[in-house]
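# Coordinate analysis (summary)
Below are the chains, spelled out letter by letter.
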Amino acid sequence: MLLLNVTWFGMQFMYLLFSVEVVPSQIRELVGDKAKGHILGIIAASSSVLTFIASPLVGMLSDRLQSKYGKRRPVMVVGTALMSIGFVGMAVIARNLGDKETTCSSLGSSSNGTDVCSHVVKPLCPNTTNTSEYEIQGQVHVVIYSVFFLIGTGCYAVLNVAYNGLMADMTHPSVRGFGSGLMGTMVVLGMLAGASAGIFYKTVGVAGTFSIMYAVLVTTVTITVISIKEQPSKKKLHSPVRWKHVLLSYWEPLKDYDFRWVFITRFLMQMGVSTVLGTGWLTWSTYPAVCALRQRFPWQWCHC
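Residues numbered from 1 in each chain as written. Predicted model: local features only at pLDDT ≥ 70, side-chain atom pairs only at ≥ 80, totals over all residues. Heavy atoms only, no water.

## Examining the nonpolar core
Within the largest apolar cluster, 45 residues are counted, with the highest numbers of intra-cluster contacts made by F18, V23, I27, M76, M83, Y145 and F210. Elements with a minimum of two residues in this core: α1 (2–31), α2 (36–64), α3 (73–93), α4 (132–170), α5 (176–198) and α6 (201–227). Among the elements that take part in this core, α1 stands out by supplying 12 residues, more than any other. (Core = buried A, V, L, I, M, F, W, Y, C linked by side-chain atoms within 4.5 Å. Buried < 20%, exposed > 50% of the residue type's maximum accessible area, 1.4 Å probe, protein only. Helix = DSSP H or I, 4+ residues; strand = E, 2+ residues; numbered from the N terminus.)

## Description of the packing of aromatic side chains
By the definition in use, this model includes 10 aromatic pairs. Pairing F259 with F263 gives two aromatic rings, centres 6.5 Å apart and planes at 25°, and the pair type is stacked. Here the residue F259 and the residue F263 both occupy positions in helix α8 (residues 257–278), the gap between them amounting to 4 residues, near one helical turn. Note on F259: relative accessible area 37%, which makes it partly exposed. (Phe/Tyr/Trp six-rings, centres within 6.5 Å; stacked < 30°, edge-to-face > 60°.)

## Overview of α2
In a regular helix each residue adds 1.5 Å, so 29 residues correspond to 42 Å; α2 covers 41 Å between its end C-alpha atoms and thus fits that length. The largest bend along α2 measures about 30° and falls at A54, with the proline P56 one to four residues further on. Along α2, the residues classified as buried are K36, I39, L40, I43, A44, S47, S55, V58, G59, M60 and S62. (Expected span 1.5 Å × (residues − 1). Bend = angle between axes of the 7 residues up to and from the residue.)

## Some thoughts on the layout of surface pockets
In this model, the largest pocket occupies a volume close to 2300 Å³. Along its surface, the largest pocket is lined by 46 residues, and T51, S55, N160, R266 and Q270 are the ones closest to its centre. For the lining of the largest pocket, the secondary-structure elements that each account for two or more residues are α1, α2, α4, α5 and α8. Sorting elements by how many residues they give to the lining of the largest pocket places α8 first, with 12 residues. Classifying every residue of the lining of the largest pocket gives 30 nonpolar, 15 polar and 1 charged. (1 Å grid on protein atoms, 1.4 Å probe; cavity = no way out; pocket = protein on both sides within 12 Å on 5 of 7 lines; lining within 4 Å. Points joined across faces, edges and corners; volume = space filled by probe spheres on them. Nonpolar A, V, L, I, M, F, W, Y, C, P; charged D, E, K, R; others polar.)

## Structural notes on the packing of α3 against α6
Closest axis-to-axis distance for the α3/α6 pair is 10 Å, and the angle between their directions is 175°. Between α3 and α6, the angle falls in the class roughly antiparallel. Across from R73, M76, V77, T80, A81, M83, S84, F87, M90 and A91 in α3, the residues of α6 making contact are V206, F210, Y214, L217, V218, V221, T224 and V225. In terms of residue class, the contact of α3 with α6 is built from 14 nonpolar, 3 polar and 1 charged. (Axes fitted to C-alpha atoms, helices over the stretch in contact; angles between N-to-C directions. Parallel < 35°, antiparallel > 145°, perpendicular 65-115°, else oblique. Contact = heavy atoms within 4.5 Å.)

## A few points about the pattern of salt bridges
Oppositely charged side chains can pair when the atoms bearing their charge come close. Under the counting rule described, the total for this entry stands at 4 salt bridges. A salt bridge links E252 to K255, with the nearest nitrogen and oxygen atoms 3.3 Å apart. For K255, a relative accessible area of 52% gives the class exposed. By sharing partners, the salt bridges in this structure join D63, R72 and D169 into a single network. (Salt bridge = Lys/Arg side-chain N within 4 Å of Asp/Glu carboxyl O.)

## Description of α3
Taking 1.5 Å of rise per residue, the 21 residues of α3 would be expected to cover 30 Å, and the 31 Å separating its terminal C-alpha atoms lies within 8% of that figure. Those residues of α3 that sit buried are R73, V75, M76, G79, T80, M83, G86, F87, G89, M90, A91 and I93.

In short, shape yes, function no, at least from these values alone.
If you want it as structure tokens, here you go:
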């Protein structure tokens, strides 16, 4: 049971470090302080729409998968492997952490009175008054970063859906309570470890942080995939997938009274979590307070 639940640790370690520290910092470096909330909100909303659409489709594919390795573990492996594409792209596109030697403070404002640094990647800012070319380059970087972000979060959804299916398949009804408690423990430990790792983000750097996140995730997924033995998928005749049925599948479960209340309460909880963690609110709202403490108590590990 412990080996089955250990992947929760890796997923939560990655999710907290990724959503609270890495992505908000990268977005801030890409677009500046003025536009960071707006841009991150758009990217996060796009990711949510992608997850909403893709998750049932991935679940349907997993249910129908025929493999000697089972129907959940191969999907977990594919999702984890493809996630590396998104991580590498994000690390390359926004790899700087506000190096003071490459900031654009000397540029001031553009001809229309807009802060140049709120539109372009800081390392691209030259000592020139012609900023239009670099504004375009900065916008291109944001678009490319968003694409890699969607790849990473989409693959995370693939892993998450298959892993939840594996949990349901492999957890006997007699130990569901114990399994739920163990899952909660792994989630909390993963979040604590991710928050602790965030302290060293500036020291380790973007590439190092992405490497740590992915290494922890791959390690935990590998432990679960190797230690848990699924029965080979039996050949079953499934009804053909029709888009009408797919669209109706998003609505049909809500007709059940109990499921409807579970969905509503889960939706409200996730909306709160996403507002605080997924949009950078927690990071950026506490940033001024941390910087004020930094001025009063000059901790070596705190950078503002």
